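A closer look at the structure
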Amino acid sequence: MDTLLWYLDITLDYIAEMLPCMVIGGAVFLLLLPKRRKKLRQKHLTSGRIREAALFLFVLFCAGLAALTVFPSGFWTPQHWQNAISGMEPLWPLIPLSQSVPNIQWMPTLFRSDISLGEWGLYMMVANALIFLPMGFFPNLLWRRPRWWKGLLVGVCSSLSIEFLQLFAGRSTDIDDLILNSSGAFLGGLLALILGKLVPSLSRKFQVEVRHGRETGDPKPAPGAGAGQL
């Protein structure tokens, strides 16, 4: 029970660190919403409320994930900003590549039997996989023609980008994170595919729809127009 409470405390701390970036991401999404809707209208497409809500949640998640991965550790905590404003520490510590590159962990250690994970290691292993579930789930849910490989592709590309950017943020860069992140995204993509098979009428509500001429006064677009639009 104590271990579970400890896990909960850690998770809540991470969520609190994600919130400032999520607020910024949500504000940018709302500011760009009129422009994006205009582009959809020009392509004779419309995005329903359910899809917009899912897209908004995905943007919030991506912003929160960035706060935990591509910024220096503790960057979004109030204590860090107080220290930075008072001049006690730099706002963004500059980490030279000569210091970060030699510390890259190139060899995976996930399956080595001589390594004891411990409570912290187990938490990080599970968290690194679960936190990337949305990276595979939402693209397959929001894009036309979902495929099993899309979640994996998004997971690998986003994880590789994060691991590279972490070289400049003083965070650890290792192959284990890439494996766990990609596995989580792949699982998330499969969950979206299963949802689409079980409830196809629901999954269609998360995709753009064609605006017919009778509703808008515009000529009816060619079949298949706008596939894959966000």
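The notes below deal with the structure included here. Since the structure is predicted, the reported quantities are computational estimates derived from the model, not experimental observations.

1. With respect to the overall build of the protein chain
Across its full length, the protein chain holds 10 helices and two strands. Going from the N terminus to the C terminus, the protein chain shows its helices and strands as α-β-α-α-α-α-α-α-α-α-β-α. Out of the 230 residues belonging to the protein chain, those deemed buried represent 37%. A sequence separation of at least 24 residues applies to 77% of the contacts in the protein chain between residues at least 6 apart. Counting every atom, the protein chain has about 14,000 Å² of accessible surface; 68% of that belongs to carbon and sulfur.

2. A short note on the packing of aromatic side chains
Working definition: an aromatic ring pair is given by the centre-to-centre distance plus the angle between the planes. What the rule picks out here adds up to 16 aromatic pairs. Judged by centre distance (6.3 Å) and plane angle (55 degrees), the ring pair of W6 and W120 falls under tilted. With W6 in helix α1 (residues 2–42) and W120 in helix α5 (residues 118–130), this pair connects stretches of sequence that are 114 residues apart. A network of ring pairs unites the aromatic residues F71, F75, W76, W81 and W92 as a single cluster.

3. Overview of the environment of M22
Residue placement: M22 occurs in helix α1. Distance from M22 to F61, taken between C-alpha atoms, is 7.0 Å for residues 39 residues apart in sequence. With near-sequence residues (within four places) excluded, M22 lies in contact with L60, A63 and G64.

4. Focus on the packing of α1 against α5
For the pair α1 and α5, interaxial distance at closest approach is 12 Å and the crossing angle is 50 degrees. The pairing of α1 with α5 is recorded here as oblique in orientation. The interaxial crossing formed by α1 with α5 has right-handed handedness. Facing T3, W6, Y7, I10, T11 and Y14 of α1, the residues of α5 in contact are E119, W120, L122, Y123 and M124.

5. Details of the environment of R37
By the element assignment, R37 lies in helix α1. Counting along the chain gives 10 residues from R37 to S47, while the straight-line C-alpha distance between them is 7.9 Å.

Each value, and the rule that gives it
Residues numbered from 1 in each chain as written. Predicted model: local features only at pLDDT ≥ 70, side-chain atom pairs only at ≥ 80, totals over all residues. Heavy atoms only, no water. Helix = DSSP H or I, 4+ residues; strand = E, 2+ residues; numbered from the N terminus. Buried < 20%, exposed > 50% of the residue type's maximum accessible area, 1.4 Å probe, protein only. Contact = heavy atoms within 4.5 Å. Areas by Shrake-Rupley, 256 points an atom, 1.4 Å probe, with all protein chains shown as cover. Phe/Tyr/Trp six-rings, centres within 6.5 Å; stacked < 30°, edge-to-face > 60°. Axes fitted to C-alpha atoms, helices over the stretch in contact; angles between N-to-C directions. Parallel < 35°, antiparallel > 145°, perpendicular 65-115°, else oblique. Left-handed = near helix turned anticlockwise from the far one by under 90°.

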